[in-house]
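Take a look at the letters that make up each chain.
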Amino acid sequence: MARPNVLVTRMVPQENLDRLREHFEVEVNAEDRPLTRAELLAKVKGRDAILSMLTDTIDGEVLDAAGPQCKVVANFAVGYNNFDVAAATRRGVVLTNTPGVLDDATATLAFTLLLATARRIVEADKYVRDGKWTGWAPLFFIGLDVDGRTLGVAGLGRIGKNVARKGAAFGMKVIYNDVRRDPELEAAIGARFVDKETLLAESDFLTLHVPLLPETRHYIGEKELAAMKPTAVLINAARGPVVDEKALARALKDKVIWGAGLDVFENEPMVEPELLGLDNVIVVPHVASGTTETRLNMGRIAVENITRVLTGEAPTTCVNPEVLKR
Ligand SMILES: NC(=O)c1ccc[n+]([C@@H]2O[C@H](COP(=O)([O-])OP(=O)(O)OC[C@H]3O[C@@H](n4cnc5c(N)ncnc54)[C@H](O)[C@@H]3O)[C@@H](O)[C@H]2O)c1
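The rules behind these values
- Residues numbered from 1 in each chain as written.
- Predicted model: local features only at pLDDT ≥ 70, side-chain atom pairs only at ≥ 80, totals over all residues.
- Heavy atoms only, no water.
- Pairing = 2+ DSSP bridges.
- Helix = DSSP H or I, 4+ residues; strand = E, 2+ residues; numbered from the N terminus.
- Contact = heavy atoms within 4.5 Å.
- Axes fitted to C-alpha atoms, helices over the stretch in contact; angles between N-to-C directions.
- Buried < 20%, exposed > 50% of the residue type's maximum accessible area, 1.4 Å probe, protein only.
- Right-handed = clockwise from strand over helix to strand, strands pointing away.
- Polar contact = N/O pair within 3.5 Å; in protein donor to acceptor, adjacent residues only side chain to side chain.
- Domains from an automatic or database assignment.
- Buried area = accessible area lost by both parts, 1.4 Å probe.
- Near = heavy atom within 4 Å.
- Areas by Shrake-Rupley, 256 points an atom, 1.4 Å probe, with all protein chains shown as cover.
- Nonpolar A, V, L, I, M, F, W, Y, C, P; charged D, E, K, R; others polar.
- UniProt positions renumbered as here; feature names shortened; annotations may be inferred.
- Core = buried A, V, L, I, M, F, W, Y, C linked by side-chain atoms within 4.5 Å.

As summarised here, the arrangement of the seven strands in space is β8-β7-β6-β9-β10-β11-β12, forming an open sheet in which the pairing is parallel. In this open sheet, the two edge strands, each paired with only one partner strand, are β8 (192-193) and β12 (281-283). Summarising the sheet, strand β6 (residues 150-154) and strand β7 (residues 173-177) pair through five bridges and their orientation is parallel. Bridge pairing in β7 places Ala-154 opposite Asn-177. Here helix α7 (residues 158-169) sits on the sheet in contact with β6, β7 and β9 (205-208), set at roughly 175° to β6. Docked against the sheet, helix α11 (residues 245-253) engages β10 (233-236), β11 (259-262) and β12, running at close to 145° with respect to β11.

Below, the structure written as structure tokens:
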């Protein structure tokens, strides 16, 4: 019998591919770029499984192009806003993601952005490299304190909780907003549940960890930025469209808030040009989960999910479990 056939839409760690090849025929996109829509539609044809990236829109058209034998699409990401979940569920296709293994890497990057923004690290580094430094001065590259300041967490899920704990370890007071409360974390680090208005008004550093959903698109826009402290810093390592990037650029330019640290952007890889001209924002290219161990673990989970579904077992991390009940 022919071995099942799997498409991997972008190069992942070699160990992950080796494991997949033990059981399946595997084609990997060898180009160092995402597949175009036309390439994706052509390449999915006849596959039993797809290992997808967050840059691949997986909707009804792609699943129809793959064909009815396609049983599972495994995202190499925890966020799955690139999936049309309803379309997959209607077609009986299992969708999976990689929760849990990237919490610390993502939270660490968010916290790195927080510290680097507070202490103007990128700006200061450039100043020295540009040969502008003439010596120590008391009023030079003044930044923000972190200890004793208030860390606001929007979305206290796996990653938000990890950031909250890091904040508490740095002596920060933690407040959070979520659609549900977390009494355990409240007890562990004294975190305080607040409504969104209070979160905006009281945070010295506001870090976003909500998933991208219709209701979280532009969770931070002009109105929300205006409600924040002029000394506040916004961190986004969630998804770009959670922030209205044009409104943020205006707010940073007009000093409505003090600074921002961004890992994600509304129209990646495009970055709002106005942001790039500003010193009070740090931009990094969507690298939050990018550590060797984390990427290996993300691939391990995706491979495990594909293997389980194609051998008739339930996947370990399914985002549309209703398909499994059929
Ligand atoms: N930058 C990166 O590379 C990177 C890496 C990993 C994850 N992410 C993003 O981070 C997100 C969070 O990941 P996670 O594993 O912590 O997910 P999670 O599901 O554990 O946490 C999300 C939290 O947001 C809350 N939430 C949902 N809607 C809300 C709303 N309207 N208001 C307030 N809270 C709301 C949920 O209740 C949940 O507690 C992912 O969806 C993904 O988009 C980005």
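Attention now moves to the pairing of β11. The alternating pattern of β11 places Gly-259 and Gly-261 on one face and Ala-260 and Leu-262 on the opposite face, and all of these are buried. Both β10 and β11 contribute to a ladder of four bridges, which runs parallel. Note that in β11 the partner of Asn-236 across the bridge is Leu-262. For the segment spanning β10, α11 and β11, crossover handedness is right-handed.

Within the secondary structure, Ser-203 sits in the loop between α9 (196-202) and β9. Sequence separation of Ser-203 and Tyr-127 is 76 residues, and the distance between their C-alpha atoms is 29 Å. Discounting chain neighbours no more than four positions away, the residues touching Ser-203 are Thr-150, Gly-152, Ile-175, Thr-198, Lys-229 and Ala-232. Within the structure, Ser-203 has its side chain in polar contact with the backbone oxygen of Leu-199 (distance 2.6 Å).

Considered domain by domain, the protein is made up of domain 1 (5-101 + 292-325) and domain 2 (103-283). The C-alpha-based centres of domain 1 and domain 2 are spaced at 32 Å. Each side of the interface is counted separately: domain 1 has nine residues, and domain 2 has five residues. Summed over both sides, the interface of domain 1 with domain 2 buries roughly 580 Å², with 48% coming from carbon and sulfur.

Around the ligand, 26 residues are found, and the nearest of them are Arg-158, Ile-159, Asp-178, Ala-237 and Asp-263. At 3.5 Å from an oxygen atom of the ligand is found a side-chain nitrogen or oxygen belonging to Arg-239. Here the ligand has 870 Å² of accessible area as a free molecule, and 89% of this is covered by the chains. Per-class residue counts for the shell around the ligand are 12 nonpolar, nine polar and five charged.

It is worth spelling out the UniProt feature "domain: D-isomer specific 2-hydroxyacid dehydrogenase NAD-binding" (unreviewed entry) in the protein at this point. The feature "domain: D-isomer specific 2-hydroxyacid dehydrogenase NAD-binding" (unreviewed entry), as given by UniProt, occupies residues 111-288 in the numbering adopted here. When the span residues 111-288 is considered, its composition is 34% helix and 15% strand, and the gap between its end C-alpha atoms is 10 Å.

Here we have five strands laid out as an open sheet, ordered β2-β1-β3-β4-β5, and parallel in their pairing. With partners counted over all chains shown, the strands left at the sheet margins are β2 (25-28) and β5 (94-96), one partner each. Between one strand and the next, the sheet's axes are offset by a mean angle of 15°, whatever the strand orientation. Summarising the sheet, strand β1 (residues 5-8) and β2 pair through four bridges and their orientation is parallel. Along β2, the bridge assignment pairs Leu-7 with Glu-27.

The next subject is the nonpolar core. Ranked by internal contacts, the top residues of the largest apolar core, which has 52 residues, are Val-8, Leu-20, Leu-51, Phe-205 and Ile-306. Here the element with the most residues in this core is helix α5 (residues 103-118); it accounts for eight residues. When residues of this core are assigned to domains, at least three fall in each of domain 1 (5-101 + 292-325) and domain 2 (103-283). Residues within four places of Leu-51 in sequence aside, it is in contact with Leu-7, Val-8, Thr-9, Val-12, Leu-20, Ala-74, Phe-76, Ala-302, Val-303 and Ile-306. By size, the runner-up hydrophobic cluster in this structure holds 30 residues, among which are Val-194, Val-210, Leu-248 and Leu-262.

Before going further, it helps to spend a moment on the pairing of strand β4 (residues 72-75). Here β4 shows a buried face lined by Val-72 and Ala-74 and a second buried face lined by Val-73 and Asn-75. For strand β3 (residues 49-52) and β4, the ladder comprises four bridges, and the chain directions are parallel. When the bridges of β4 are listed, Ile-50 appears paired with Val-73. Relative to β5, β4 runs parallel, the two being bridged by three bridges. Along β5, the bridge assignment pairs Ala-74 with Thr-96. Taken together, β4, helix α4 (residues 85-90) and β5 form a β-α-β motif whose crossover is right-handed.

Once that is clear, we can look at the UniProt feature "domain: D-isomer specific 2-hydroxyacid dehydrogenase catalytic" (unreviewed entry) in the protein. Here the UniProt-annotated "domain: D-isomer specific 2-hydroxyacid dehydrogenase catalytic" (unreviewed entry) positions come out as residues 6-320. Taken as a whole, residues 6-320 contains 37% helix and 14% strand, while its terminal C-alpha atoms sit 20 Å from one another.

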